[in-house]
Amino acid sequence: MINHLKFAAAVTAAALALATPVVAQDASPQAGGTLNVVIQPEPPGLMIGLIQNGPTQMVAGDIYESLLRYDFNFEPQGQLAESWTISDDGKTYTFKLRDGVKFHDGTPFTSADVKFSMDVFLREAHSRTRTYMQHVESVETPDPLTVVFNLKQPFGPFLGIFEPGTAPMIPKHIYEGTDFASNPANNTPIGTGPFKFEKWVKGSYIHLVKNQDYYMEGKPYVDEIYYHVIPDAASRAVAYETGKVDVLPGGSIENFDVPRIRELDNTCITDKGWEFFGPLSWIWINMNNKPLDDVKVRRAMMHALDRQFARDALWNGLGNVATGPLSSSTRFHAADTPDISYDPEKARALLAESSYDGETIRLLGLPYGETWQRWAEAVKQNLTEIGMNVELVPSDVAGWNQKISDRDFDLAFTYLYQYGDPALGVSRTYMSSNAAPGSPWNNVANYQNPEIDRMFDEAALMANPEDRRAAYKKIQDQIVSDVPNLWLLELGFPTISRCNIKNPVSTALGVNDGFRDVWIEAN
Amino acid sequence: MRDFWKRFRHNRGAVIGLVILAVVIATAIAAPFLFPQSPWKMVQRPFLPPFTQEGLPLGTDALGRDVLSGLAHGAYVSLLVGLVSTIVALAIGVPVGALAGYFVGRTDDALMRFTEFFQTIPSFALAIVLLAIFQPSLVFVIIAIAIVSWPPVARLVRGEVLSLRTREFVEAASLSGLSNSQIILRHVLPNALPPIIVLASLMVAQAILLESSLSFLGLGDPNIMSWGYMIGAARTVIRTAWWLSFLPGMAILLTVLALNLIGEGLNDALNPRLTRRSE
């Protein structure tokens with residue numbers, strides 16, 4: 001998680017939401033060509049089972065695969081699994097695997113690899129997957145092409161975890177019985193994906209080549225992929241302008257460069273491909289400190305923020321104004337939560353009724369570049385205008401982590417991923433059991449509401465999606481009226497690419513799901 | 001005094017510098033009255049170019065804040081930082097230099113090695129390190145600038161005092177039974193003053209530049225609108241809104257230039273013989 005957010009740190013891009021067709025319908029795919037992509041920052045490694053930060057997943061998404069992939073509405077599609085069934089009680093998931101799938105070294109992929117990956121490797125090495133697997137009683141492999149997951153109790157989001165970042169399929173024959181972290185194969189990752197690892201020149205590029213034996217007829221279309229490491233944001237923009245790279249994943253260039261790059265010839269932009277992550281920004285309110293424990297003060301602050309302005313002026317109009325704790329791309333998002341819109345009059349009135357008495361409120365900005373700095377200034381000004389005294393506290397990334405972990409702040413910017421389901425990426429922010437100081441990613445605000453705790457626990461274990469929807473609606477209404485955080489924007493991270501590169505983004509994970517379907521139209 | 005002014009006036013550049021500085025000082029003093037609203041207030045849509053909107057002659061920045069108001073309030077910050085940090089630097093440098101120059105020997109060695117210790121570190125790098133250790137607030141910015149700018153003062157004062165301490169009037173004072181501190185304060189330092197004044201005027205300019213550079217790098221006080229901050233915030237949009245960096249840049253340029261011109265004029269006025277010789 002930490003790594004995810006760090007990567008997202010680098011991500012400060014945006015643009016207009018354009019209706020660029022994501023799936024090309026006009027022509028039939030052409031094979032061949034080289035894809036040049038920016039990778040930022042350089043990943044620490046490519047073994048996705050061990051390292052889960054953003055850039056690792058972007059490259060590893062080509063090398064490793066999971067059982068499923070997800071379209072923009074989170075409808076699961078078969079990847080390594082051909083079909084799947086869920087028992088009526090929601091406790092047994094049976095996957096039928098594709099026949100004839102081979103790892104890059106030629107070894108066949110079977111249900112034993114699935115069991116090894118989920119039950120052994122990821123349970124040990126992948127902290128997020130480990131918590132999901134706590135719901136799994138046992139994994140059975142009745143035959144080489146069948147896998148059965150027996151759950152202890154129904155776990156609503158279970159079918160949503162089979163993407164390459166959470167549940168990559170790892171070759172059992174290479175890793176079984178070894179020390180996973182020090183296995184030399186980590187340097188030459190082997191998966192079942194459409195591209196094979198070829199070469200990594202540290203500080204320069206990562207080279208992948210087409211998997212000639214890929215099990216999907218005709219795919220992948222592209223012969224090779226170069227991921228270019230270019231440490232400076234301005235240089236990355238120039239690399240696109242000069243034609244060195246053809247794909248700029250979300251966050252490759254600075255926000256303010258997006259309008260200029262967007263105007264270049266043969267340039268397409270899409271804000272799709274982030275639905276799964278649903279990056280949502282907000283301001284933590286430290287409820288340990290007076291007068292922030294007063295809900296009226298918090299509501300006043302919420303109504304004081306001109307978030308539409310922040311979206312238009314700082315994010316170039318990309319993204320959406322948040323309605324509450326769930327991003328609108330996350331499952332069970334409710335749009336009709338209590339009103340938290342910009343209303344300075346109401347904010348002033350609420351503040352007058354509240355226990356606020358001129359205290360200086362310390363606002364900690366996010367040290368992730370210019371956009372965030374301007375944003376902190378704008379928020380400070382918004383709050384000043386309803387009559388609060390706000391002081392900006394400067395910090396670097398390490399200082400920010402430290403201050404948030406120690407709860408040494410009054411207000412603090414942040415943003416986190418939601419992983420498509422409130423039970424996977426939202427409840428951690430609001431559960432009282434997750435509020436201990438020491439982590440900058442848990443319930444930092446120290447929001448304590450036993451009713452919310454109970455409802456989150458119950459909603460995660462419901463088998464029926466409609467029951468879950470109703471439960472999460474109640475949760476959202478309650479949290480929004482308690483205002484433990486000041487929700488800002490659902491961040492928009494545009495992927496920019498040459499228009500003759502087709503399908504750069506085709507799932508809810510975007511470029512992190514690999515370039516299986518990408519093809520290059522010859523000019 | 002009249003002679004002084006006559007000689008100063010003789011240097012036309014210095015007079016121009018004085019006029020510019022007077023304008024900057026007047027702006028700084030008048031800023032809270034001319035622009036009673038906070039310079040952080042977002043008043044119009046962002047990126048309004050100059051001379052397109054009545055009431056906002058220099059347009060707005062990335063958040064729709066009034067650029068002219070920012071420049072006016074920034075003038076106050078720049079001058080404040082320049083003056084206060086120079087005074088602090090003088091308060092450190094003058095005593096160190098005077099003691100080293102007057103007592104010579106071991107005192108001199110000890111104080112000068114200490115001074116050199118600061119001089120060997122590039123001043124800007126040292127200022128960055130100091131601010132990284134402290135919380136970047138206005139007070140610490142001033143302290144950091146003072147800490148990196150006192151060594152030249154100490155060296156200058158030491159040199160002056162070294163040459164003065166052997167003069168007859170100092171020996172006479174010594175023979176008449178005055179204490180060391182009285183001699184230093186009443187007889188030596190007043191005679192060392194002219195070069196210190198010239199140096200101080202240049203130090204103010206240097207301090208303004210340092211503060212701007214630090215703010216440009218984001219190491220300034222984030223709660224204070226300064227010229228360096230304005231340039232730093234605008235550099236990212238320099239290709240689309242160049243005036244946002246250009247205007248505060250011009251303000252810094254003019255102010256620093258004015259102070260340098262004044263320094264030159266002061267030098268002429270305070271060291272008349274030196275000037276005539278060079279003519």
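A brief report on the enclosed structure follows. Nothing here was measured: the structure is a model prediction, and the numbers come from that model.

Attention now goes to the packing of helix 14 (residues 450-460) of chain A against helix 15 (residues 465-482) of chain A. In helix packing, the relevant descriptors are the interaxial angle and the interaxial distance, both defined with respect to the helix axes. All names here are of chain A. Look at helix 14 against helix 15: their axes get within 9 Å of each other, and the N-to-C directions meet at 155°. Here helix 15 runs roughly antiparallel to helix 14, going by the angle between their axes. Considering how the two elements wind past one another, helix 14 and helix 15 form a crossing that is left-handed. Contact with helix 14, carried on its side by I452, M455, F456, A459 and A460, involves R468, A471, Y472, K474, I475, Q478 and I479 of helix 15 and no other residues of that element. Across the contact of helix 14 with helix 15, the residue classes tally to 9 nonpolar, 1 polar and 2 charged.

Take the sheet that holds strand 17 (residues 411-416) of chain A next. Residues and elements named next belong to chain A. The strand order 14-18-13-17-15-16 describes an open sheet built from 6 strands, whose pairing is mixed. Looking at the sheet topology across the chains shown, the edges are occupied by strand 14 (320-321) and strand 16 (389-393). The sheet contact formed by strand 15 (residues 360-364) and strand 16 spans 5 bridges and is parallel. Directly across from I361, in strand 16, lies its bridge partner V390. Lying over the sheet, helix 8 (residues 295-304) contacts strand 13 (280-285), strand 17 and strand 18 (485-490), oriented at roughly 25° with respect to strand 18.

Once that is clear, we can look at the nonpolar core. One broad rule of soluble globular proteins: the nonpolar side chains tend to lie buried together. Judged by nonpolar contacts, the single largest core of 151 residues is most densely connected at A:F149, A:F162 and A:W375. In terms of residue count, helix 11 (residues 370-385) of chain A provides more of this core than any other element does, 6 residues in total. In this structure, B:V96, B:L126, B:L130 and B:V141 belong to the second largest nonpolar core, which totals 40 residues.

Moving on, we get to the pattern of salt bridges. All told, the structure shown has 33 salt bridges over all chains when counted by the stated rule. Between A:D336 and A:K473 there is a salt bridge, with the nearest N and O atoms lying 3.8 Å from each other. With A:D336 in the loop between strand 14 and helix 10 (344-353) and A:K473 in helix 15, this pair connects stretches of sequence that are 137 residues apart. The exposed category is assigned to A:D336, whose relative accessible area is 55%. Given a relative accessible area of 24%, A:K473 falls into the partly exposed group. The salt bridge partner of A:E370 is B:R235, with a shortest N-O separation of 3.6 Å. With one member in each of two chains, A:E370 in helix 11 and B:R235 in the loop between helix 9 (227-234) and helix 10 (243-270) form a pair that bridges those chains. Assessed through its relative accessible area of 35%, B:R235 is described here as partly exposed. Here the salt bridges do not stand alone but share partners, grouping A:E370, A:R374, A:E377, B:D61, B:R65 and B:R235 into one network.

What follows covers the interface of chain B and chain A. The partner chain A presents 20 residues to the 19 residues of chain B that form the contact. Interface of chain B and chain A: buried area, both sides summed, is about 1700 Å²; carbon and sulfur atoms make up 58% of it. The tally of links from chain B across to chain A stands at 3 salt bridges. Seen at the junction of chain B and chain A, the total is 6 residue pairs in polar contact (both at pLDDT 80 or more). For the side of chain B that touches chain A, the class distribution of residues is 10 nonpolar, 5 polar and 4 charged.

Attention now moves to the state of the cysteines. Residue and element names in this part refer to chain A. This structure, assessed with the given rule, holds 1 disulfide over all chains. Between the sulfur atoms of C268 and its disulfide partner C499 the distance amounts to 2.0 Å. Because the torsion about its S-S bond is 110°, the bridge between C268 and C499 counts as right-handed. With a gap of 231 residues between them, C268 in strand 12 (residues 267-270) and C499 in the loop between strand 19 (495-498) and strand 20 (501-502) connect regions that are remote in the sequence. Taking the relative accessible area as the measure of exposure, C499 reaches 24% and is therefore partly exposed.

What follows concerns helix 9 of chain B. Of all the 8 residues making up helix 9 of chain B, 8 are buried; the element is thus mostly covered by neighbouring parts of the structure. Among all positions in helix 9 of chain B, only B:W227, B:G228, B:Y229, B:M230, B:I231, B:G232, B:A233 and B:A234 are buried. Among the structural elements, helix 11 of chain A together with helix 2 (12-34), helix 3 (67-103), helix 8 (180-216) and helix 10 of chain B are those in contact with the buried residues of helix 9 of chain B.

So, how was this worked out
Residues numbered from 1 in each chain as written. Chains lettered and ligands numbered in written order. Predicted model: local features only at pLDDT ≥ 70, side-chain atom pairs only at ≥ 80, totals over all residues. Heavy atoms only, no water. Axes fitted to C-alpha atoms, helices over the stretch in contact; angles between N-to-C directions. Helix = DSSP H or I, 4+ residues; strand = E, 2+ residues; numbered from the N terminus. Parallel < 35°, antiparallel > 145°, perpendicular 65-115°, else oblique. Left-handed = near helix turned anticlockwise from the far one by under 90°. Contact = heavy atoms within 4.5 Å. Nonpolar A, V, L, I, M, F, W, Y, C, P; charged D, E, K, R; others polar. Pairing = 2+ DSSP bridges. Core = buried A, V, L, I, M, F, W, Y, C linked by side-chain atoms within 4.5 Å. Buried < 20%, exposed > 50% of the residue type's maximum accessible area, 1.4 Å probe, protein only. Salt bridge = Lys/Arg side-chain N within 4 Å of Asp/Glu carboxyl O. Buried area = accessible area lost by both parts, 1.4 Å probe. Polar contact = N/O pair within 3.5 Å; in protein donor to acceptor, adjacent residues only side chain to side chain. Disulfide = S-S within 2.5 Å.

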